[in-house]
Amino acid sequence: MKASARRHAINIETMKVFCHVAREQSFSRGAMASGITQSAATQCVRRIEEHLRTQLIDRCKRPLISTRAGQLCYREFCRIVEIHDALVDQLQAEHREIGGTIDVAAIYSVELHGLGACMQQFLRSYPQAKVQLEYRRPDEVYDAVETGRAHLGLVSYPQARPGLTVADN
């Protein structure tokens, strides 16, 4: 590959900028949507045009209008960006393994409500995780969560307290 071709290659971020400019029909609004300056957005579009050796945006009209080549690039770049973003999301999701130990404080009677089955399902879904379950009296469950000795507390009739989030199921 020639050095000049490498220098002007189109990357995903440049495609995103072009898509924003074309969608917004404005360099300034496209730049804002991309989180860059208007000058940087203009340079991105110019680099793509140089690389493809064709005009993509008709700058003589307001609002800006995409040429036929620009419309084709917009449609295909949006597809490429969507595929890229979906792939990145999938790869990141695979690395978001839940691991470590989750400390749970629960009242004694919670076992009667199927906690064991729930824990088994959780551990099958997240094999890197461990659950440390301790049975306590209700006041001790609140204390364990408030002091950070437990990540989660299970009681029969949860009461709102400052600093605690209560989920009633």
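In case you missed it, the structure is sitting above this.
Rules used throughout
Residues numbered from 1 in each chain as written. Predicted model: local features only at pLDDT ≥ 70, side-chain atom pairs only at ≥ 80, totals over all residues. Heavy atoms only, no water. Helix = DSSP H or I, 4+ residues; strand = E, 2+ residues; numbered from the N terminus. Buried < 20%, exposed > 50% of the residue type's maximum accessible area, 1.4 Å probe, protein only. Contact = heavy atoms within 4.5 Å. Areas by Shrake-Rupley, 256 points an atom, 1.4 Å probe, with all protein chains shown as cover. Salt bridge = Lys/Arg side-chain N within 4 Å of Asp/Glu carboxyl O. Core = buried A, V, L, I, M, F, W, Y, C linked by side-chain atoms within 4.5 Å. Pairing = 2+ DSSP bridges. Axes fitted to C-alpha atoms, helices over the stretch in contact; angles between N-to-C directions. 1 Å grid on protein atoms, 1.4 Å probe; cavity = no way out; pocket = protein on both sides within 12 Å on 5 of 7 lines; lining within 4 Å. Points joined across faces, edges and corners; volume = space filled by probe spheres on them. Nonpolar A, V, L, I, M, F, W, Y, C, P; charged D, E, K, R; others polar. Phe/Tyr/Trp six-rings, centres within 6.5 Å; stacked < 30°, edge-to-face > 60°. Lys NZ or Arg CZ within 6 Å of the ring centre and 35° of its normal.

**What to know about the overall build of the chain**
Next up, step 1: Check the secondary structure of the chain and you find 7 helices and 5 strands.
Next up, step 2: Looking at the chain residue by residue over its 169 residues, the buried ones come to 24%.
Next up, step 3: Look at the contacts in the chain between residues 6 or more apart in sequence, and 57% of them connect residues 24 or more apart.
Next up, step 4: Entry remark: accessible area of the chain is about 11,800 Å², with carbon and sulfur atoms responsible for 52%.

**Section: the pattern of salt bridges**
Two side chains that carry opposite charge are able to pair once their charged atoms sit near each other.
Next up, step 1: Summed over the entire model, instances satisfying the criterion amount to 11 salt bridges.
Next up, step 2: Here Glu 76 and Arg 75 are joined by a salt bridge, their closest N and O atoms 3.5 Å apart.
Next up, step 3: Several salt bridges converge on common partners, so that one network encompasses Glu 13, Lys 16 and Asp 85.

**Quick word on the nonpolar core**
Next up, step 1: Of all hydrophobic cores here, the largest spans 19 residues; its most connected members are Phe 18, Val 21, Phe 27, Val 45, Leu 56, Ile 57 and Phe 77.
Next up, step 2: Not counting residues up to four positions away in its chain, the partners in contact with Val 21 are Ser 26, Phe 27, Gly 30, Ala 41, Val 45, Ile 57 and Leu 64.
Next up, step 3: Ranked by size, the runner-up nonpolar core spans 8 residues in total, among them Ala 105, Ala 106, Leu 115 and Ala 150.

**A look at the sheet that holds strand β5 (residues 152–154)**
Strands belonging to one sheet form pairs held by backbone hydrogen bonds; the direction of such a pair is parallel or antiparallel.
Next up, step 1: Spatially, the 3 strands line up as an open sheet ordered β4-β3-β5, and their pairing is parallel. Each end of this open sheet is capped by a strand with a single partner; those strands are β4 (129–135) and β5. Mean inter-strand twist for the sheet, computed between neighbouring axes without regard to direction, equals 25 degrees.
Next up, step 2: Looking at chain direction, strand β3 (residues 100–106) and β4 are connected through 7 bridges and run parallel. Counterpart to Ala 105 in the pairing with β4 is Glu 134.
Next up, step 3: Relative to β4, helix α6 (residues 115–125) is tilted by about 160 degrees, and along the sheet it contacts β3, β4 and β5.
Next up, step 4: Strands β3 and β5 of the sheet are contacted by helix α7 (residues 138–146), whose axis makes an angle of about 170 degrees with β5.

**Comments concerning the layout of surface pockets**
Next up, step 1: Quantified by volume, the second largest pocket comes out at close to 190 Å³.
Next up, step 2: Elements with a minimum of two residues in the lining of the second largest pocket: β3, α6 and β5.
Next up, step 3: Looking at the lining of the second largest pocket element by element, the count peaks at 4 residues for α6.
Next up, step 4: For the lining of the second largest pocket, the per-class residue count stands at 9 nonpolar, no polar and no charged.

**Some words on the packing of aromatic side chains**
Given two aromatic rings, their pairing is described by the distance between the two centres and the angle made by the two planes.
Next up, step 1: Within the structure shown, the criterion is met by 2 aromatic pairs.
Next up, step 2: Judged by centre distance (5.7 Å) and plane angle (80 degrees), the ring pair of Phe 18 and Phe 77 falls under edge-to-face. Here Phe 18 is found in helix α2 (residues 12–24), whereas its partner Phe 77 is found in helix α5 (residues 68–95), with 59 residues between them in sequence.
Next up, step 3: On the basis of relative accessibility, which here comes to 0%, the residue Phe 18 falls in the buried class.
Next up, step 4: For the ring pair Tyr 108 and Tyr 135, a centre distance of 6.1 Å and an interplane angle of 20 degrees mean the geometry is stacked. With Tyr 108 in the loop between β3 and α6 and Tyr 135 in strand β4, this residue pair connects regions lying 27 residues apart in the sequence.
Next up, step 5: Judged by relative accessible area, which is 32%, Tyr 135 ranks as partly exposed.
Next up, step 6: One Lys or Arg, Arg 161, reaches over the ring of Tyr 142 and ends 3.9 Å from the middle of that ring.

**Comments concerning the pairing of β3**
Next up, step 1: Of the pairings in the sheet, the one linking β3 to β5 comprises 3 bridges and is parallel in character. Directly across from Val 104, in β5, lies its bridge partner Leu 152.

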